[in-house]
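# Coordinate inspection notes
Here is how the chains run, residue by residue.
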Amino acid sequence: MKLRRTLAITATALLLTGCAATDDTGVQEGPVQPDDNGNIVPPNELNPEGLGIDVVFDEAASDFDVPVSLLKAIAWTETQWHMVEGNVEFEGQDPAYGIMGLRGEQITEGAKLAGFEAEEVRTDPEANIRAAAALLSVYGDELEVERSDLGSWARVAAAYSRIEDEQGQAYYIHNQVYSVMQHGMESEVLSIAPQDVIPTFIAFDGNSNPGPDYAEAIWRPSPNNSSRPSGTKGDPQMVIIHTCEGSYSGCWSWLRNSNSGVSAHYVVNNTGSEITQLVRENRKAWHIGASYKCSRNSGTKCNLEGTSSNNFTIGIEHAGHASQSSWNGGLIDSSAKLVCDITKDQGIPIDSFHIVGHGQLQPNNRVDPGANWPWSTYLSKISDYCNGNNPNPNPNPNPNPNPNPSPGSFDVVVDSNNAANPTGAEVQVGGSWTASNNVSGFYNTGYWWRSTGGSSDLARFRAYLDAPKKIEVMAWWSSAGDRSPNAPWIIYDGNGNQLDVVTVNQQQNGGQWVSLGVYNMSAGWNEAALSRWTTSGYVVVADAVRFREVP
């Protein structure tokens, strides 16, 4: 078996680096110390070769002679580069695992080809990537592709998708995998440079007929539906939120397959840029396999007890996986707009008892949409759309978060967007930091991110004090699984003296203020600076810092 590198922190690894355990605030005091120049010295590397996930993709592609851009593009299409844990959504479909979304016999065959155990392929990023590369190579041999011709690999990608529907395959190739390669893709862990490539594959028919109930959707009718019962028990009274446990095209093509025996009313793609309608809202889609029990829904609608949940619900599938660490803000926004339209048309209340997760009503064998679905944000956006408000306002248009400050008090937020900062507050970032709003839970308009590694490159949040004050410093970030569990913050006073180094776990406590500590700060430009010099293989997120005077 090829030697595997550690690509994620484990409890053992935390002990090896000497990092202290994280408390329930997400802040940890570690042994990270500055060098003589004030830069952060990283802890011992978990990975002695210093290889990140991008290098694993490069090596797998090289070792198995497959195009690295194709390997990355398939991973993006299947999981958006999340390391997913298999969950079943549709009977007849094997659950997907890992960053490559491998399923069923793909796991066992890929493991054998790459020299791993099947469980390693399910749970270890490198094993998963290498198993997928090995499979693609074998498919390439079987289909006799010209390996130097990237376009000819389209048939290989189609075989990998396991999609049966011909137009579903065409969409997967033209609108997903090859579209990613043509336009490029960059996230906080991986990137694909744009390429001039045309897939050698059947054309996608490009149907764009509007949905009969939601004009912003594309109508791709499914035969898998039936009439609702007469009377109130057949009236749509709830919306059920699902996750496809796979790609967008794989989802809608399976739901319109007459042999699948399942359907949903709508499917939202990974970024919210496209929605498919499959079943009319006045018809019953087959999206939940459970009779209704009002005890699972806080005693709501007990008059429906024992009836099929499909009778009175509208089902929305979302491309993605219940186990993924975060959700694209565009998907959440588009889905919220759709649900608002449904609730207005059907007279459904906007609350957590009438807009519910699949796993809540079918808890014995379903968990979607998963623990990281942003319910509070989602329901708020639905309400905002229905009330005619802007669902994406500046969450704090006043840089001072205290609306009624006492005389002489100091309470200032330094945002990652300097346009939102008042006089006496600024952020400074270098050219290697990237602006983003991909992961929800950010403050104001977005954040800066930077891959971790062996140099400092500080993101500096600065606040000017006209006199010495006792200041609590707090930081805000959006959390996700790719964030650093050891993100180092360095605190400086107005004289440039370093007051503290605090490391935080940015995989936790996102979307809220987290205290870094209380400090006696001097007059002048005081600063909280985020360093990227920590364990490689992650990203650090510079979003907002609050400087608040305390007694």
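Residues numbered from 1 in each chain as written. Predicted model: local features only at pLDDT ≥ 70, side-chain atom pairs only at ≥ 80, totals over all residues. Heavy atoms only, no water.

### So, the sheet that holds strand S10 (residues 275-277)
- Strand order in this open sheet of six strands is S6-S10-S9-S12-S8-S13, and the pairing throughout is mixed. Of all strands in the sheet, those with a lone pairing partner are strand S6 (218-219) and strand S13 (355-357), marking the two edges.
- Of the strand pairs in this sheet, strand S8 (residues 238-241) and strand S12 (residues 313-318) are connected by four bridges, and their pairing is parallel. What sits directly across from Ile 241, in S12, is Ile 316.
- Packed on one face of the sheet, helix H9 (residues 248-255) meets strand S9 (266-268), S10 and S12 and runs near 170° to S9.
- Strands S8, S9, S10, S12 and S13 of the sheet are contacted by helix H10 (residues 329-346), whose axis makes an angle of about 170° with S12. (Pairing = 2+ DSSP bridges. Helix = DSSP H or I, 4+ residues; strand = E, 2+ residues; numbered from the N terminus. Contact = heavy atoms within 4.5 Å. Axes fitted to C-alpha atoms, helices over the stretch in contact; angles between N-to-C directions.)

### So, the state of the cysteines
- This structure, assessed with the given rule, holds three disulfides.
- The disulfide bridge from Cys 294 ends at Cys 302, spanning 2.2 Å between sulfur atoms. Between Cys 294 and Cys 302 the sulfur-sulfur dihedral comes to about 95°; the bridge is accordingly right-handed.
- Residue Cys 294 is classed as buried on the basis of its relative accessible area, which comes to 10%.
- Shown here for the protein chain is a disulfide pattern of 1-2, 3-4, 5-6, where each number marks a bonded cysteine counted in sequence order. (Disulfide = S-S within 2.5 Å. Buried < 20%, exposed > 50% of the residue type's maximum accessible area, 1.4 Å probe, protein only.)

### Digging into H10
- When the terminal C-alpha atoms of H10 are compared, their 26 Å separation across 18 residues agrees well with the 26 Å that a helix rising 1.5 Å per residue should span.
- Taken together, the buried positions of H10 are Leu 331, Ile 332, Asp 333, Ser 334, Ser 335, Ala 336, Leu 338, Val 339, Cys 340, Asp 341, Ile 342 and Thr 343.
- Contacts from the buried residues of H10 go to S8, S9, S10, S12, S13 and helix H12 (375-386).
- Regarding H10, its N-cap is Asn 328, as a side-chain oxygen of that residue lies 2.7 Å from the backbone nitrogen of Gly 330 further along. (Expected span 1.5 Å × (residues − 1). Polar contact = N/O pair within 3.5 Å; in protein donor to acceptor, adjacent residues only side chain to side chain.)

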